[in-house]
Amino acid sequence: MGQHAKNRWLIALAAVGIHISIGSVYAWSVFTKPITKQFGWGLTDVQFTFSIAILFLGLSAAFLGHYVEKHGPRKAGTLASIFFGVGIIGSGLAIQLSSLPLLYLCYGVLGGIGLGVGYITPVSTLVKWFPDRRGLATGLAIMGFGFASMIASPIMNALIEGVGIANTFYILGIIYFVVMFASAQYLSPPPVGWVPAGFSANAAEGKKQIKKDLCQLTANEAIKTRRFYWLWLMLFINVTCGIAVISVASPMAQEMVGMSVGTAALMVGLNGLFNGGGRIGWASLSDFIGRPNTYTAFFAIQMVLFFLLPNLTNPVLFMIAMFVIMTCYGGGFASIPAYIGDLFGTKQLGAIHGYILTAWAAAGLAGPIFAAWVRNTTQSYTGTLSIFAAMFVVALVISLIIRLDIKKLQAEAQQRENSVELAG
């Protein structure tokens with residue numbers, strides 16, 4: 001099969017295959033009750049498995065980003081399928097041996113490493129295949145990650161009731177391994193100098209102006225720039241507030257607007273839909289309005305909604321506000337790889353993406369703990385929401401400051417082009 005024969009939409013499909021598999025980690029809560037019931041382990045102890053997985057997602061994305069760049073997406077995707085598959089199958093063994101430490105090791109550490117590598121591998125490849133629609137491409141894959149828990153939850157529930165917890169892990173582990181392994185085999189970067197069909201013709205006619213990346217930096221050069229840390233902070237704030245709200249969505253809705261348990265559960269299910277939809281929606285929109293405007297919009301919208309939430313007494317309005325927040329939460333993940341491409345180029349996008357995802361690992365640990373702490377201290381969710389609203393003010397300011405860096409870079413790039421033309 002010639003390299004040029006690969007279909008970039010099939011590459012996108014392979015990416016979705018990997019992301020739908022690893023995104024099932026978000027359905028971990030389906031396992032918590034059955035596991036606590038079966039073994040009498042504490043809820044916090046069982047929940048901790050999820051925290052370990054998210055922590056190792058961030059760490060492995062950061063440390064193995066260079067592996068992805070060096071060995072290519074096929075090898076990296078295969079590595080991810082092995083770690084994730086073994087992690088989930090091993091979790092079944094941990095349940096059979098009723099060993100919590102083994103569950104931490106398999107699901108948390110091994111599964112988490114598979115998660116991190118599996119997350120960044122297809123994304124960095126897609127950005128290279130879709131120079132014309134960067135946001136749409138990364139949105140597609142990362143949307144799979146957002147929707148995964150909706151697809152996985154009912155299946156897991158049915159399996160747990162039908163065949164028990166351990167067998168559920170065995171069955172899922174094998175399925176995920178097969179899907180991820182098969183998907184990884186199709187992944188490859190585009191051939192050197194490749195452009196989408198009709199693209200060069202359009203560019204020549206001036207119809208479609210491809211925006212040049214501001215520069216092409218390696219990951220280690222990128223972390224020496226200010227804008228890297230602005231991006232990191234923006235993602236950190238977006239994820240901290242989002243994860244915190246997700247982790248308390250149901251009790252908060254019941255307490256603040258008197259929602260019934262059933263309605264709150266419905267809202268939580270729909271949250272997943274808006275989280276996934278926001279990933280593809282916002283990321284596609286960012287191709288048209290630009291990444292800086294997209295992030296400024298995220299923070300302006302959420303700042304207002306977090307201020308409003310404590311005063312919303314109508315369950316329908318409360319739900320709508322939650323859903324919009326969810327789209328911004330998902331959109332933040334999906335637009336970041338495209339933003340990285342714009343600011344640092346695609347030379348080592350996977351590795352830079354990996355470094356930035358440490359913000360997710362940090363937020364995954366900080367968000368829920370922070371929400372619980374403020375709730376216990378102030379005895380209401382209102383305090384939590386006000387603090388988050390203030391954090392979004394900070395994020396909004398950062399999203400404006402980063403534009404100064406971008407302007408400066410654009411001016412420098414323009415000067416370089418002019419001097420090249422003069423020399424020519």
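- Within an unreviewed UniProt entry, the label attached to the protein reads MFS transporter, and the organism entered is Brevibacillus nitrificans.
- The Subcellular location (unreviewed entry) field of the UniProt record for the protein holds the comment "Cell membrane".

## Examining the overall build of the protein
Next up, step 1: Tallying secondary structure elements over the protein gives 15 helices and zero strands in all.
Next up, step 2: Against the 2.2 N^0.38 benchmark of 22 Å for 424 residues, the protein shows a C-alpha radius of gyration of 22 Å, consistent with a compact globule.
Next up, step 3: Counting only C-alpha atoms and orienting by the principal axes, one finds that the protein spans roughly 75 × 50 × 35 Å.
Next up, step 4: When each of the 424 residues of the protein is scored for burial, the buried share is 54%.
Next up, step 5: Within the protein, counting contacts between residues at least 6 apart in sequence, those at least 24 apart form 84% of the total.
Next up, step 6: When the accessible surface of the protein is summed, it comes to about 17,600 Å², and 68% of that surface belongs to carbon and sulfur atoms.

## Here we look at the nonpolar core
Next up, step 1: Within the largest apolar cluster, 134 residues are counted, with the highest numbers of intra-cluster contacts made by Leu231 and Trp360.
Next up, step 2: If sequence neighbours within four positions are ignored, Trp360 has contacts with Tyr26, Ile54, Leu57, Tyr119, Phe145, Val239, Ile243 and Phe333.

## A short note on the pattern of salt bridges
Next up, step 1: Tallied over the entire structure, the rule returns six salt bridges.
Next up, step 2: For Arg291, the salt bridge identified is with Asp287, shortest N-O distance 2.9 Å.
Next up, step 3: Of the residues examined, Arg291 reaches a relative accessible area of 7% and is grouped as buried.
Next up, step 4: Overall, the relative accessible area of 25% leaves Asp287 in the partly exposed class.
Next up, step 5: Residues joined by salt bridges that share partners form a network here, namely Arg134, Asp287, Arg291 and Asp342.

## Comments concerning the environment of Thr138
Next up, step 1: You can see Thr138 is positioned in helix H5 (residues 134-163).
Next up, step 2: A relative accessible area of 0% places Thr138 in the buried class.
Next up, step 3: Taking the C-alpha atoms as reference, Thr138 lies 21 Å from Ile243; in sequence the two are 105 residues apart.
Next up, step 4: Contact partners of Thr138, with chain neighbours within four places excluded, come to Val123, Val127, Ala334, Pro337 and Ala338.

## Looking at a nonpolar patch on the surface
Next up, step 1: Taken together, the side chains of Ile20, Met150, Ile151, Ile155, Leu273 and Phe274 define a hydrophobic patch exposed on the protein surface, amounting to about 460 Å² of accessible area.
Next up, step 2: Among the elements of the structure, H5 and helix H10 (261-289) are those that each provide at least two residues to the nonpolar patch.
Next up, step 3: Per-element tally for the nonpolar patch: the top contributor is H5, with three residues.
Next up, step 4: Residue position: Ile151 is located in helix H5.

## Observations regarding unusual backbone geometry
Next up, step 1: Of note, Ser98 is a non-glycine position whose phi angle comes to about 40°, a positive value.
Next up, step 2: Along the chain, Ser98 turns up in the loop between helix H3 (43-96) and helix H4 (100-129).

## Quick look at the side chain of Thr78
Next up, step 1: Within the fold, Thr78 resides in helix H3.
Next up, step 2: When its relative accessible area of 17% is taken as the criterion, Thr78 is described as buried.
Next up, step 3: At a separation of 2.7 Å, a polar atom in the side chain of Thr78 contacts the main-chain carbonyl oxygen of Arg74.
Next up, step 4: Every residue in contact with Thr78, bar those within four places of it in the chain, is listed here: Phe181, Ala184 and Gln185.

## Some details on the environment of Ala12
Next up, step 1: Note on placement: Ala12 falls in helix H1 (residues 8-22).
Next up, step 2: Along the backbone, Ala12 and Asn157 are 145 residues apart, and their C-alpha atoms lie at a distance of 29 Å.
Next up, step 3: Discounting chain neighbours no more than four positions away, the residues touching Ala12 are Leu126, Phe130 and Leu140.

## Comments concerning helix H13 (residues 349-356)
Next up, step 1: Burial analysis of H13 places eight of its eight residues in the buried class, which makes it a mostly covered element.
Next up, step 2: Those residues of H13 not exposed but buried are Leu349, Gly350, Ala351, Ile352, His353, Gly354, Tyr355 and Ile356.
Next up, step 3: Those residues of H13 hidden inside the fold are in contact with H3, H4, helix H8 (219-222), helix H9 (226-257), helix H12 (315-344) and helix H14 (358-378).

## Considerations on H5
Next up, step 1: Compared with the 44 Å implied by 1.5 Å per residue over 30 residues, the 42 Å span of H5 between its first and last C-alpha is a close match.
Next up, step 2: Of the residues trailing H5, Gly164 is marked for its positive phi of about 90°.

## Some thoughts on the packing of helix H11 (residues 291-308) against helix H15 (residues 381-423)
Next up, step 1: Where H11 meets H15, the closest approach of the two axes is 8 Å, and the angle between their N-to-C directions is 160°. Taken as axis vectors, H11 and H15 run roughly antiparallel relative to one another. At the point where H11 passes H15, the crossing takes the left-handed sense. Two secondary-structure elements touch here, H11 through Pro292, Asn293, Tyr295, Thr296, Phe299, Ala300, Gln302, Met303, Phe306 and Phe307 and H15 through Leu385, Phe388, Ala389, Phe392, Val393, Ala395, Leu396, Ser399, Leu400, Arg403 and Ile406.
Next up, step 2: By residue class, the composition of the contact of H11 with H15 is 16 nonpolar, four polar and one charged.

## Let's talk about the side chain of Arg134
Next up, step 1: Inspection of the secondary structure assignment puts Arg134 in helix H5.
Next up, step 2: Not counting residues up to four positions away in its chain, the partners in contact with Arg134 are Val127, Asp213, Asp287, Arg291, Ala338, Gly341, Asp342 and Thr346.

## Considerations on the domain arrangement of the protein
Next up, step 1: In terms of domain boundaries, the protein breaks down into domain 1 (8-190) and domain 2 (219-422).
Next up, step 2: For domain 1 and domain 2, the distance between their C-alpha centroids amounts to 22 Å.
Next up, step 3: Counting from both sides, the interface comprises 30 residues of domain 1 and, opposite them, 36 residues of domain 2.
Next up, step 4: Across the domain 1 to domain 2 interface the summed buried area is about 2,700 Å²; carbon plus sulfur atoms make up 70%.
Next up, step 5: Our enumeration of links across domain 1 and domain 2 arrives at one salt bridge.
Next up, step 6: With a closest N to O distance of 3.1 Å, Arg134 and Asp342 form a salt bridge.
Next up, step 7: The interface formed by domain 1 and domain 2 holds ten residue pairs in polar contact (both at pLDDT 80 or more) in total.
Next up, step 8: Going through the elements one at a time, H3, H4 and H5 are the ones with two or more residues in the side of domain 1 that touches domain 2.
Next up, step 9: Looking at the side of domain 1 that touches domain 2 element by element, the count peaks at twelve residues for H5.
Next up, step 10: Partitioning the side of domain 1 that touches domain 2 into residue classes produces 17 nonpolar, nine polar and four charged.

Definitions and cut-offs
Residues numbered from 1 in each chain as written. Predicted model: local features only at pLDDT ≥ 70, side-chain atom pairs only at ≥ 80, totals over all residues. Heavy atoms only, no water. UniProt positions renumbered as here; feature names shortened; annotations may be inferred. Helix = DSSP H or I, 4+ residues; strand = E, 2+ residues; numbered from the N terminus. Rg over C-alpha atoms; globule rule 2.2 N^0.38 Å. Buried < 20%, exposed > 50% of the residue type's maximum accessible area, 1.4 Å probe, protein only. Contact = heavy atoms within 4.5 Å. Areas by Shrake-Rupley, 256 points an atom, 1.4 Å probe, with all protein chains shown as cover. Core = buried A, V, L, I, M, F, W, Y, C linked by side-chain atoms within 4.5 Å. Salt bridge = Lys/Arg side-chain N within 4 Å of Asp/Glu carboxyl O. Patch = residues over 30% accessible without salt bridge, like charges linked within 9 Å, V, L, I, M, F, W, Y side chains within 5 Å. Polar contact = N/O pair within 3.5 Å; in protein donor to acceptor, adjacent residues only side chain to side chain. Expected span 1.5 Å × (residues − 1). Axes fitted to C-alpha atoms, helices over the stretch in contact; angles between N-to-C directions. Parallel < 35°, antiparallel > 145°, perpendicular 65-115°, else oblique. Left-handed = near helix turned anticlockwise from the far one by under 90°. Nonpolar A, V, L, I, M, F, W, Y, C, P; charged D, E, K, R; others polar. Domains from an automatic or database assignment. Buried area = accessible area lost by both parts, 1.4 Å probe.

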